[in-house]
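Residue-level structural notes
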Amino acid sequence: MRHFLTGSELTSSELAALLERATELKEAPESSQVLAGKSVALIFERPSTRTRVSFEVGVAELGGHPVVLRSDEMQLSRGESPRDTALVLSRHVDAIAIRTGPDELVEQLAQYATVPVINMLTAGHHPTQALADLQTLNENFGHLNGLTLTYVGDGNNVARSLAILGRTAGVSVRIASPEGYELEPVAGAQLTNDPREAARDADALYADVWVSMNDDPHTAEQRRRALEPYRLDEQLLELAAPHAFALHCLPAHPGEEISEGLLYGERQRIWDQAENRRHAQKALLELLIG
Ligand code: CP
């Protein structure tokens, strides 16, 4: 029984096999019924479009039953402990996936659950997003080892998961953030304050929103001012390799962290990346509970 909380649970060979499997599942989405007769609880304490739909449809495509739970409909919101929630859900479902704020909540669920727990986003990590990001790189380049991926913007949960899983995959991850918004050092990741230096000769450039859902809305204007020089636009992409393309985990704010031209243009794989959430997560579900 294994959990998937940060992505560091996977070895390099497991990750490579998972991404290959994700590509197979993309080519034949109905080919696996590995979750027949099984149920997966999907708990959402925060809004979601991609994660919600890709997990719910993905579980159904694998023959399983997704049980979507909004936390305001659960006793968790009235003080029931993560421990009791984990103990009860484990008696009914074959895995528990959760989107929430505190990483500690997911860790507590994992401590007491007797089924796998999957992190669908916390303040600290977004590892299922990184799986789809790596699948998108893999399907475009045919390999991952030796690629350079540059993330520009806030050193947040998305950046951290890219750093962790990118290293496992052999991808060189650079993260350019303004002073005060840097990611803490993560093994293998190159951190800088200079977005142009980070973009130079990279194979792909990656952006995320400047104000995430776990950020204090009162600091939004301050964050936007600090992050303005870190916009992913045509000028920045010109510094990358000639074949480079833009990635974004979405939702996007065109004109803010990414230019509208890139978001909807030829030199992006953003919409493939959004689709790949489903395929990569199905491969993860097969690994954890298949
Ligand atoms: N990228 C991502 O996690 O999207 P949602 O917030 O819509 O799930």
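This text goes with the structure placed above it.
Here we come to the nonpolar core. Core analysis: the largest hydrophobic core is formed by 50 residues, its most contacted members being L131, L134 and L137. Looking at this core, you find at least three residues from each of domain 1 (12–126 + 277–289) and domain 2 (129–274). In this view, L134 contacts L15, L19, L144, L165, G166, A169 and V171; residues no more than four positions away in its chain are not counted. Within the second largest apolar cluster, 21 residues are counted, among which are Y230, L236, L250 and L262.

Moving on: the site of the ligand. Taken together, S48, T49, R50, T51, R99, H126, Q129, C249, L250 and R277 form the complete shell of residues around the ligand. At a separation of 2.6 Å, an oxygen atom of the ligand approaches a polar side-chain atom of S48. About the coverage of the ligand: the protein hides 95% of its 250 Å² of free accessible area. Here the residues of the shell around the ligand sort into two nonpolar, five polar and three charged. Shared between two domains, the shell around the ligand takes at least three residues from each, and those domains are domain 1 (12–126 + 277–289) and domain 2 (129–274).

Next up on the list: the sheet that holds strand β8 (residues 204–207). Strand order across the open sheet formed by five strands is β7-β6-β5-β8-β9, with parallel pairing between neighbours. Lying at the two open borders of the sheet, with one neighbouring strand each, are β7 (190–192) and β9 (245–248). The average undirected angle you get between the axes of adjacent strands in this sheet is 20 degrees. Note: strand β6 (residues 172–176) against β7, three bridges, orientation parallel. Each residue of the ladder has a partner; that of I175, found in β7, is L191. Lying on the sheet, helix α5 (residues 127–141) is in contact with β5 (148–152), β8 and β9; it crosses β9 at an angle near 160 degrees.

Now for the packing of helix α1 (residues 12–27) against helix α11 (residues 270–289). Look at α1 against α11: their axes get within 8 Å of each other, and the N-to-C directions meet at 120 degrees. Comparing the axis directions of α1 and α11 gives the class oblique. Between α1 and α11 the crossing geometry is right-handed. Together, L18, R21, A22, L25 and K26 of α1 and E275, N276, H279, A280, K282, A283, L284, E286 and L287 of α11 make up the contact between the two elements. For the contact of α1 with α11, the per-class residue count stands at seven nonpolar, two polar and five charged.

The rules we used
Residues numbered from 1 in each chain as written. Predicted model: local features only at pLDDT ≥ 70, side-chain atom pairs only at ≥ 80, totals over all residues. Heavy atoms only, no water. Core = buried A, V, L, I, M, F, W, Y, C linked by side-chain atoms within 4.5 Å. Buried < 20%, exposed > 50% of the residue type's maximum accessible area, 1.4 Å probe, protein only. Domains from an automatic or database assignment. Contact = heavy atoms within 4.5 Å. Near = heavy atom within 4 Å. Polar contact = N/O pair within 3.5 Å; in protein donor to acceptor, adjacent residues only side chain to side chain. Areas by Shrake-Rupley, 256 points an atom, 1.4 Å probe, with all protein chains shown as cover. Nonpolar A, V, L, I, M, F, W, Y, C, P; charged D, E, K, R; others polar. Pairing = 2+ DSSP bridges. Helix = DSSP H or I, 4+ residues; strand = E, 2+ residues; numbered from the N terminus. Axes fitted to C-alpha atoms, helices over the stretch in contact; angles between N-to-C directions. Parallel < 35°, antiparallel > 145°, perpendicular 65-115°, else oblique. Left-handed = near helix turned anticlockwise from the far one by under 90°.

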